[in-house]
Amino acid sequence: MKKLTKIFIISFLLLLLMYVTNITSIPENVMLLQGEHYSIKTLLGINITTKRENYETIEVSSNLSESATKVGKINYRLNLFGAIPLKEITVNVIPKTYVVPLGDAVGLKLYTSGVLVVGMGEIEGSGNVKYKPYENSGIEEGDRIVAINNNTVTCTADLINEVNKSKGNSVNVQYIRDEDTIETSIIPAKGSDNKYKLGLWVRDAAAGVGTVSFYEPETKTFAALGHGIQDIDTGKLLKIAKGDFVTTKIISITKGKKGTPGKIQGSIENSTIIGKVGKNTEFGVFGTLNNTTILNINKNDAIEVASRDEIKEGKATIISTVEEGNKKEYEIEIEKIYRNNNENNKSMLVKVTDKELLEKTGGIVQGMSGSPIIQNNKLVGVLTHVLVGEPETGYAVFADLMIKQSREVEN
């Protein structure tokens, strides 16, 4: 009897886990392009009720599958046995979007929100005594210090100033880790240069060269890279306070080889600001463009952003600038499409087939990330990564994911 009871309890807990997993896996907020197909799959006993904008309630079966034909919001509710409410889901359908594909090499200057801790080291005081003030403080690499003694820290100079003002007395340090704000205290040590320090290496800015993907005339916004900018030391996505979108000059190209990725070397010295960066995300860098003349943007060149259902395996093209002042369209092949991937920027596997581009770069090189992909005169995606072992092959992100991210940035 006890054995049967144990089996029943285990079975019940496993069943409960299945239902909880199914419910939590369904996002509460979904953004779709008009015409995009979507579906909600649930387990036996869970029903879906939808309340559209006219407040007409319609019962839907346990599995929902339809196309988003009308712009606006649709609210869904998951119910257990039609009586117990489990979860609310809001689907926001945005209108078809038209953008100007670019492919220009550009520079990006990003300034962090607070200062980023990128390392730690000993402080040598008088008499060759060494100190580690940060020990036992809880601070780790990748944390962002945003205040000292309740005074806001926006750059490295702020941090140095506040620590020196302490004269060796304990300071309250406020820092952020994974969106959580934490406080600790540190007693600064006096170095051999008579300045007080925490023993932390910090950074407040980053810069790089990449490719701008597209410009949306209606919102005057741009998208670039197709992936976020990570700190070179911590490997974490930079949380930025502001940034500049600037011109760049291509200096040289290192061809990619098997096992060694190539790169486009550019310079942003004496650059011109052409826009402002608003957000650095996993799906790219976004902001506003206030100087369209420099990039020779013509609104009449705008094309529709394709939904992922429209993308086909086969021939396509990318637009890239791999020589100074020479933006061109090159042939590629879309080899695989991961239609259900909304988690990262590896939506498609693509291969460079253009002989001219292969001769110049060996395939996909660092700096080409952000190159727009065109198929059937629609923007289908943006180049993001190269496969180190196969330099002619890499990944691309769906264009619809970048548009959705852009809308979230705007909101």
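Up top you'll find the structure we're talking about.
Residues numbered from 1 in each chain as written. Predicted model: local features only at pLDDT ≥ 70, side-chain atom pairs only at ≥ 80, totals over all residues. Heavy atoms only, no water.

Colleague: What's the story with the overall build of the protein chain in this structure? I'm lost.
Modeller: Each helix and strand in the protein chain was counted, giving four helices and 30 strands. If you line up the protein chain on its principal axes, its C-alpha atoms span 75 × 70 × 45 Å. The buried share of the protein chain, reckoned over its 411 residues, is 46%. When contacts within the protein chain are restricted to residue pairs at least 6 apart in sequence, long-range pairs at least 24 apart make up 67% of them. Accessible surface for the protein chain amounts to roughly 21,400 Å². Of this, 49% is attributable to carbon and sulfur atoms. Considering the protein chain, the positive charge centre built from 48 side chains and the negative charge centre built from 49 side chains are found 2 Å apart. (Helix = DSSP H or I, 4+ residues; strand = E, 2+ residues; numbered from the N terminus. Buried < 20%, exposed > 50% of the residue type's maximum accessible area, 1.4 Å probe, protein only. Contact = heavy atoms within 4.5 Å. Areas by Shrake-Rupley, 256 points an atom, 1.4 Å probe, with all protein chains shown as cover. Lys, Arg positive; Asp, Glu negative; His and termini not counted. Charge placed at Lys NZ, Arg CZ, Asp CG, Glu CD.)

Colleague: Quick question: what am I supposed to make of the side chain of Thr211 here?
Modeller: Positionally, Thr211 belongs in strand S17 (residues 200-216). Apart from residues lying up to four places away in sequence, Thr211 is in contact with Gly103, Asp104, Val106, Ala224, Leu225, Gly367, Met368, Ser369, Gly370 and Ser371.

Colleague: Explanation requested: the pattern of salt bridges in the structure shown.
Modeller: Side chains that differ in sign of charge can pair as their charged atoms come close. Enumeration over the complete set of coordinates arrives at 14 salt bridges. Here Arg177 makes a salt bridge to Glu140, at a shortest N to O gap of 3.8 Å. Note that Arg177 is positioned in strand S13 (residues 171-177) and Glu140 in the loop between strand S10 (130-131) and strand S11 (144-148), a separation of 37 residues in sequence. A salt bridge links Asp143 to Arg177, with the shortest nitrogen-to-oxygen separation between them at 2.8 Å. Linking Asp143 in the loop between S10 and S11 with Arg177 in strand S13, this pair joins segments that are 34 residues apart in sequence. Residue Asp143 is classed as buried on the basis of its relative accessible area, which comes to 0%. Where salt bridges share partners, they join Glu323, Lys328, Glu356 and Lys360 into one cluster. (Salt bridge = Lys/Arg side-chain N within 4 Å of Asp/Glu carboxyl O.)

Colleague: What's the story with the environment of Ile373 in this structure? I'm lost.
Modeller: With respect to the helices, strands and loops of the structure, Ile373 is situated in strand S28 (residues 372-375). Note: C-alpha distance between Ile373 and Cys155 (218 residues apart in sequence) is 38 Å.

Colleague: What's the story with the nonpolar core in this structure? I'm lost.
Modeller: A general trend in soluble globular proteins is that nonpolar side chains are found buried together. Counting 43 residues, the largest nonpolar core has Ile318, Ile334, Met348, Val350, Met368, Ile373 and Leu379 as its most contacted members. Formed by 22 residues, the second largest nonpolar core is a distinct cluster that contains Val106, Leu108, Val285 and Leu289. (Core = buried A, V, L, I, M, F, W, Y, C linked by side-chain atoms within 4.5 Å.)

Colleague: Whenever I open this one, helix H2 (residues 156-165) confuses me. Can you help?
Modeller: Structural remark: α-helix, 3.6 residues per turn; residues separated by three or four positions point the same way. For H2, the set of buried residues is Leu159, Glu162 and Val163. Down the axis of H2, the smallest arc covering the buried residues is 100°, so these residues share one side. Among the residues trailing H2, Lys167 stands out with phi positive, at a value near 55°. (Arc of directions from axis to C-beta.)

Colleague: It is not clear to me how the environment of Leu33 should be interpreted in this structure. Could you clarify?
Modeller: Summarising the element assignment, Leu33 is placed in strand S1 (residues 29-33). Since its relative accessible area comes to 3%, Leu33 is described here as buried. Taking C-alpha positions, Leu33 is 29 Å from Lys327, a pair spaced 294 residues apart along the chain.

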